[in-house]
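# Report on the structure
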Amino acid sequence: MFEILPDRGMVLPHSAGTLAYGMSEQAAQWAVATLCDVRESWVCGLEWSFSATYRGLDLLVGGEHADGMNTLYLERAGDPPLGPAAVPVVLDGVDVCGYPQDEVAEALAGRPPHPRLKLWRSHLPDAYLYAVHLGPARPRSGRLSSSRAR
């Protein structure tokens, strides 16, 4: 289970550790490498980044040398998701990739939004959320983002 901690980072499955804001590239790679293979990557605007795939979920981790890790992106691999993810992705006790996106929105309704968190919806009506993005703190208007063509 991935556990999203919007103010701290993300807990990895199988006691692999926590990807925490501010941690070094080496420490982040070490934690992820206990689960799966790590691949170097490049993302505009980040000084370092790497990616990995775990049970149908693509993970991108990045940051800056001075400030450490500040970006986590977890996305469902493949076509728009029409079923639950193979691994739970939990936010505030809700498996955000385990239920249809409208049910997730309903379950999270009324809770305060997290400035670092963005949950990506599919344009398909009965689809499941397909991505979770944790990034630098920024103002947000709502918990679930509008749909993106997929």
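Residues numbered from 1 in each chain as written. Predicted model: local features only at pLDDT ≥ 70, side-chain atom pairs only at ≥ 80, totals over all residues. Heavy atoms only, no water.

## Some words on the nonpolar core
Counting residues in each nonpolar core, the largest one holds 37 residues, and the members touching the most others are Phe-2, Ile-4, Leu-12, Leu-19, Val-61, Val-89 and Val-96. Of the residues forming this core, the biggest block, 4 residues, is contributed by strand E5 (residues 48-54). Every residue in contact with Val-96, bar those within four places of it in the chain, is listed here: Ile-4, Val-89, Leu-91, Val-104, Leu-108, Leu-119, Leu-129 and Val-132. (Core = buried A, V, L, I, M, F, W, Y, C linked by side-chain atoms within 4.5 Å. Buried < 20%, exposed > 50% of the residue type's maximum accessible area, 1.4 Å probe, protein only. Helix = DSSP H or I, 4+ residues; strand = E, 2+ residues; numbered from the N terminus. Contact = heavy atoms within 4.5 Å.)

## Looking at the confidence of the model for the protein chain
In the predicted model, the protein chain carries a mean pLDDT of 89, and the fraction of residues at 70 or more is 91%. This stretch, residues 139-150, has a pLDDT under 50; its non-local contacts, to residues over four places away or in other chains, come to 40 contacts. (pLDDT = per-residue confidence, 0-100.)

## Let's talk about unusual backbone geometry
Phi is positive for His-14, which is not a glycine, with a value near 55 degrees. Within the secondary structure, His-14 sits in the loop between strand E2 (9-11) and strand E3 (18-20). We classify His-14 as exposed; its relative accessible area is 63%. Positioned with a positive phi, Ser-15 is a non-glycine residue whose angle comes to about 55 degrees. Note that Ser-15 resides in the loop between E2 and E3.

## Notes on the sheet that holds strand E8 (residues 89-91)
Spatially, the 5 strands line up as an open sheet ordered E3-E2-E1-E8-E9, and their pairing is mixed. Only two strands of the sheet have a single neighbouring strand rather than two, namely E3 and strand E9 (94-95). For strand E1 (residues 2-5) and E8, the ladder comprises 3 bridges, and the chain directions are parallel. Bridge pairing links Ile-4 to Leu-91 in E8. (Pairing = 2+ DSSP bridges.)

## A short note on the environment of Val-38
Within the secondary structure, Val-38 sits in strand E4 (residues 38-40). Sequence separation between Val-38 and Thr-53 is 15 residues, and the spatial gap between their C-alpha atoms is 8.1 Å. When sequence neighbours within four positions are dropped, the list of residues in contact with Val-38 reads Gln-29, Val-32, Ala-33, Phe-50 and Ser-51.

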